[in-house]
Amino acid sequence: MNNSSQYIKFFRNIIILVVILFVCDRLIGYVLEKQYYKQTHGDAQTGIYLLEDAKEDIIIMGSSRASHHYNAEVLEQETGMTAFNGGRDEMVISYISSMLDVLYQRHKPKVLILDITPHEISESHDIAVINQRVSTNLLPFLYKYPQLGPTIDYSDNNEVLKSKISHIYPYNSQPAAILQNTYTNLGHKTIKGYEPLYGNLDPTNYKVSVFGAGYPQQYPVYKRYEDKLLETLQTAKDNGIKVIAIVSPFYFPLKNVDTNNSYKRMKEIFTSQNIPFYDFSADSTYLQNTFLFRDDVHLNDSGATLFSKQVSTFVKNNL
Amino acid sequence: MLFNSLHFVIYFIITTIIYFILPHRFRWFFLLAISCYFYMVFVPVYILILGFTIVVDYFAGIWIERNQRQKKLLLALSIVVNVGCLAFFKYFNFLNENLSMLLGTMDVQNPIPALTILLPIGLSFHTFQAMSYTIEVYRGNQKAEKHFGIYALYVMFYPQLVAGPIERPQNVIHQFYQKVYFNYERVVEGCKLILWGLFKKVVIADRLAIYVDAIYNNPEHHSGVSSIVATIFFTFQIYCDFSGYSTIAIGTAKVLGIELMENFRRPYLATSIREFWSRWHISLSTWFRDYLYIPLGGSKVTVPKHIRNLLIVFLISGLWHGANWTFIIWGALHAIYQTTELVINKYILKKDKEKKPRSFLRSIPNYILTFTLVSFAWIFFRANTVDQAMTIVENIITLKPGALFIGFSAGFAYSIILIIFLMLTEFNYEYLNNKFSLIYKSSPVLRYAGYTLLIIIILLIGVFNGGQFIYFQF
């Protein structure tokens, strides 16, 4: 076989393979996308519900601390309004802001409870990992909600481009979770987005705060997250939504919190924009109360019920 | 540039097309230029260090050949420069820290400050490959390369630049002079290797890494069972990570018409530690064999000297991997294993040469024992500190109570399935002549099904933010 016929054979076969791959990729990607939105429980379901179906008056947003701390049913009983907890593990203000932007196009809640941590807008050492996590969690929604693209791409990995090349890619690592959360009873279950934790904190396992004496550390303010927080507040204001910012309880007292750059800047922002801000990090009801915590950063169901009642009072007072 | 990045895919496609379009006389220059770019994507300035040693070794080779009387001195000088560079960047802080600890026991403060420098990526590989050149010229097995560009390409050739295989000049240099034609079978074979290497890295190694990191970064919070599972997972992670890199490197070079040496031969199917080392990181183990073990006398000496030789080789091999006591212990463990095996074979079993047991079934206890010993040693290789390694060892030996950590349950399930799949693949290659490998079937339908399946699995469950290859740090 001469050289040119070898080239031709190679490129012909490459084209055949690319065509096969393209067809398989689009077919499997299509099936995965359809199945993704059918999940009835699990980590992603909260996000799916928020974007697709949420019509509640009160929306709670935040990280795992939000999803474990705000019992939506208690809030409903206490305030007489409907509520949904949109908190999701390891998510931060960039996720919250992007999800809310999509939600507001379909539904405008009356109240937004923003559960934040004192270091919410810190430029911590693992900021790239945090951005990557946000990107990974938003990616499956990209085709239906392309406005999430800029946040997804912020992790600097050409995620949107990769999603254009492959339709399977956004659902990477998801197939087993999709099957589990659609066809089995296994996986995380929530009650209106609230995921209760049962059992008490074992003090022998939590002798010292995992965050150390200097928590939150003196990281600089991360401009991008500061802008996202400002954007979240502005969009809520433009849509007539009342925002309440809350630092929910911690098991250990936080040291040096008042001098923390992120915390100070957020307090300035909330004050300047007349946003009610409640900090429970030093609340004596919760501090080192083993019966109210599951671990040092998450309340158990009893703690969450008590806390949700308190939050309901603030909601009523601020309306 | 990482092999498992979109950047590399684009780079590889574009450079390969240009490579085949270019006339032969320009190809060496093009390969050298793109290899420099490949390296400079990491930390550009470090190419100067490589450049410095390239110049030294290039002239050392020529002078060694010309000055037969002084060739020993010239070789020594070249080795001092190469090892000196490596020692400065890789071992300075390690030695300094240990000196501080030693002086600290005598209440004396160490006046030498620590250096705030990063280890140039792949320096250990580069140094060993460069040294193999001057040693081979010294031994007369390789003519000194007069073409500076070709010599530079020998040490800079991008597929094996940062993590091997550590080549020998006799295997590679002459290939850069040969005119390479586009050969369909060779290019397809290269692409298959790239695909399989990528699968091992992205799908298996990086998937297992998630669980391993969770346990090894906080061993004190985990049970004995979790520590055992994490150690077994790491045994497969390190294999798939490193052999994945080597497979991609060999495949990439093959596409360009350059044959690199085999670096892994299904090491977990070894029935003894000695056999393991003939299957694991072959380019490094043969480097140590040719340039250290045999010059020390190898096995053709008295038993005590043979044991000494093994200890020296494995301790240096451990140190080569990293400036940390964990690596030295890892090397020492392998030296102890080999020594024990030697003594048992010589004095108890009374056999001079190890014979592989005939049947697979009869070999099962040997497989398990070898695998267990190798896995145990990997604990020290993976742990960040000796204390952390000892915590893992304690967890395992005492079978520390506690539930098995699962983490992301689907990820855990993928990990188990992937390990089984890997071992079946290895078994198929070793014992069944690749009979069940779809991508090597003669039927095009089955072959294409195999390619498609591999790519779809990579897209479905590959870990795309798994980061760089473990061996890059060496």
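For clarity, every value in this text was computed on a predicted model and none was experimentally measured.

1. With respect to the overall build of chain A
Thinking step 1. A tally of regular secondary structure across chain A gives twelve helices and seven strands.
Thinking step 2. Split into buried and exposed, the 319 residues of chain A put 55% on the buried side.
Thinking step 3. Residue pairs in contact within chain A that sit at least 24 positions apart in sequence constitute 83% of those at least 6 positions apart.
Thinking step 4. Accessible area of chain A: about 14,000 Å², with a carbon and sulfur share of 55%.

2. With respect to the overall build of chain B
Thinking step 1. On a plain count of helices and strands, chain B comes out with 17 helices and zero strands.
Thinking step 2. Taken over the C-alpha trace, chain B has a radius of gyration of 23 Å; the compact-globule value for 474 residues is 23 Å, and the two agree within 12%.
Thinking step 3. If you line up chain B on its principal axes, its C-alpha atoms span 70 × 65 × 50 Å.
Thinking step 4. Scored against the burial criterion, the 474 residues of chain B give a buried share of 54%.
Thinking step 5. Carbon and sulfur atoms provide 69% of the accessible area of chain B, an area that totals close to 21,100 Å².
Thinking step 6. Here chain B carries 39 positive and 24 negative side-chain charges, and the mean point of each set is 9 Å from the other.

3. Notes on the pairing of strand E3 (residues 111-115) of chain A
Successive side chains on a regular strand alternate, one facing one side of the sheet and the next facing the other.
Residue and element names in this part refer to chain A.
Thinking step 1. The element E3 is extensively covered by neighbouring structure, given that five of its five residues are classed as buried.
Thinking step 2. Here E3 shows no split at all, with Val-111, Ile-113 and Asp-115 on one side and Leu-112 and Leu-114 on the other all buried.
Thinking step 3. When strand E1 (residues 58-61) meets E3, the two strands line up parallel, connected through four bridges. Paired with Met-61 across the two strands is Leu-114, which belongs to E3.

4. Overview of the packing of helix H2 (residues 24-40) of chain B against helix H6 (residues 148-156) of chain B
Helix packing geometry: the angle between the two helix axes and the distance between the axes.
Residue and element names in this part refer to chain B.
Thinking step 1. Axis separation between H2 and H6 bottoms out at 9 Å; the angle between their running directions is 40°. As far as their axial angle goes, H6 and H2 are oblique. Regarding H2 and H6, the two cross each other, and that crossing is left-handed. Packed against H2, whose contacting residues are Trp-28, Leu-31, Leu-32, Ser-35, Cys-36 and Tyr-39, the element H6 presents Gly-149, Ile-150, Ala-152, Leu-153 and Met-156 at the interface.

5. Here's the deal with the nonpolar core
As a rule of thumb, soluble globular proteins bury nonpolar side chains together.
Thinking step 1. Membership of the largest hydrophobic core comes to 200 residues, with the highest contact counts inside it found for A:Met61, B:Trp280 and B:Trp378.
Thinking step 2. At 17 residues, helix H8 (residues 184-216) of chain B tops the list of elements feeding residues into this core.
Thinking step 3. Counting contributing residues per domain, this core is built from domain 1 (6-180) and domain 2 (201-271 + 392-474) of chain B, each supplying no fewer than three.
Thinking step 4. Among the nonpolar cores identified, the runner-up in size contains 24 residues, and A:Ile58, A:Ile60, A:Phe307 and A:Phe314 belong to it.

6. As for the sheet that holds strand E4 (residues 242-247) of chain A
Whenever strands of a sheet pair, they do so through backbone hydrogen bonds, lying parallel or antiparallel.
Residue and element names in this part refer to chain A.
Thinking step 1. On the basis of which strands lie adjacent, the open sheet formed by five strands has the order E2-E1-E3-E4-E5 and parallel pairing. Every interior strand has two partners, whereas the edge strands, strand E2 (83-85) and strand E5 (277-279), have only one. Pairwise comparison of adjacent strand axes, ignoring direction, gives a mean angle of 15° for this sheet.
Thinking step 2. Packing against the sheet, helix H2 (residues 45-52) makes contact with E1 and E2, and its axis sits at approximately 140° to E2.
Thinking step 3. This element, helix H12 (residues 301-317), spans E1, E3, E4 and E5 of the sheet and lies at about 145° to E4.

7. Description of the pattern of salt bridges
Thinking step 1. Scanning the entire structure with this criterion turns up 21 salt bridges over all chains.
Thinking step 2. Here A:Glu268 ties to A:Arg265 by a salt bridge, and the two come within 3.0 Å at their closest N and O atoms. Placement of both A:Glu268 and A:Arg265 in helix H11 (residues 261-272) is noted, with a separation of three residues, approximately one turn of the helix.
Thinking step 3. For A:Glu268, a relative accessible area of 46% gives the class partly exposed.
Thinking step 4. Owing to a relative accessible area of 25%, A:Arg265 belongs among the partly exposed residues under this scheme.
Thinking step 5. Of the charged contacts, one joins B:Lys146 and B:Glu65 as a salt bridge, the two residues approaching to 2.9 Å between their closest N and O atoms. A residue pair is termed long-range when its members are at least 10 positions apart, and B:Lys146 in the loop between helix H5 (123-139) and H6 and B:Glu65 in helix H3 (residues 47-66) qualify at 81 residues.

8. Focus on the domain arrangement of chain B
Residue and element names in this part refer to chain B.
Thinking step 1. Per the domain assignment, the segments of chain B are domain 1 (6-180) and domain 2 (201-271 + 392-474).
Thinking step 2. On the side of domain 2, 19 residues touch domain 1, which itself brings 29 residues to the contact.
Thinking step 3. Approximately 2,000 Å² of surface area, both sides summed, lies buried where domain 1 meets domain 2, with 70% of it carried by carbon and sulfur atoms.
Thinking step 4. A per-residue breakdown of the area domain 1 buries against domain 2 is headed by Pro-159, Pro-165 and Gln-175, which together make up 26% of the total.
Thinking step 5. Along the contact surface separating domain 1 from domain 2 lie zero salt bridges.
Thinking step 6. Seen at the junction of domain 1 and domain 2, the total is four residue pairs in polar contact (both at pLDDT 80 or more).
Thinking step 7. For the side of domain 1 that touches domain 2, the secondary structure elements donating two or more residues are helix H1 (6-21), H5 and helix H7 (169-177).

9. Considering the environment of A:Ser302
Residue and element names in this part refer to chain A.
Thinking step 1. One can find Ser-302 in helix H12.
Thinking step 2. Through-space distance from the C-alpha of Ser-302 to that of Tyr-171 is 36 Å; in sequence the pair is 131 residues apart.
Thinking step 3. When sequence neighbours within four positions are dropped, the list of residues in contact with Ser-302 reads Phe-291 and Leu-292.

10. With respect to the interface of chain A and chain B
Thinking step 1. Residue-level contacts link 29 residues of chain A with 27 residues of chain B.
Thinking step 2. Three residues, A:Gln6, A:Phe10 and A:Ser173, lead the burial of chain A against chain B; their summed loss comes to 21% of the area buried on that side.
Thinking step 3. Along the contact surface separating chain A from chain B lie zero salt bridges.
Thinking step 4. Inspection of the chain A/chain B interface yields eight residue pairs in polar contact (both at pLDDT 80 or more).
Thinking step 5. A per-element tally of the side of chain A that touches chain B places helix H1 (residues 3-36) of chain A first, with 14 residues.
Thinking step 6. Looking at the side of chain A that touches chain B residue by residue, the class counts come to 16 nonpolar, ten polar and three charged.

What counts, and at which threshold
Residues numbered from 1 in each chain as written. Chains lettered and ligands numbered in written order. Predicted model: local features only at pLDDT ≥ 70, side-chain atom pairs only at ≥ 80, totals over all residues. Heavy atoms only, no water. Helix = DSSP H or I, 4+ residues; strand = E, 2+ residues; numbered from the N terminus. Buried < 20%, exposed > 50% of the residue type's maximum accessible area, 1.4 Å probe, protein only. Contact = heavy atoms within 4.5 Å. Areas by Shrake-Rupley, 256 points an atom, 1.4 Å probe, with all protein chains shown as cover. Rg over C-alpha atoms; globule rule 2.2 N^0.38 Å. Lys, Arg positive; Asp, Glu negative; His and termini not counted. Charge placed at Lys NZ, Arg CZ, Asp CG, Glu CD. Pairing = 2+ DSSP bridges. Axes fitted to C-alpha atoms, helices over the stretch in contact; angles between N-to-C directions. Parallel < 35°, antiparallel > 145°, perpendicular 65-115°, else oblique. Left-handed = near helix turned anticlockwise from the far one by under 90°. Core = buried A, V, L, I, M, F, W, Y, C linked by side-chain atoms within 4.5 Å. Domains from an automatic or database assignment. Salt bridge = Lys/Arg side-chain N within 4 Å of Asp/Glu carboxyl O. Buried area = accessible area lost by both parts, 1.4 Å probe. Polar contact = N/O pair within 3.5 Å; in protein donor to acceptor, adjacent residues only side chain to side chain. Nonpolar A, V, L, I, M, F, W, Y, C, P; charged D, E, K, R; others polar.

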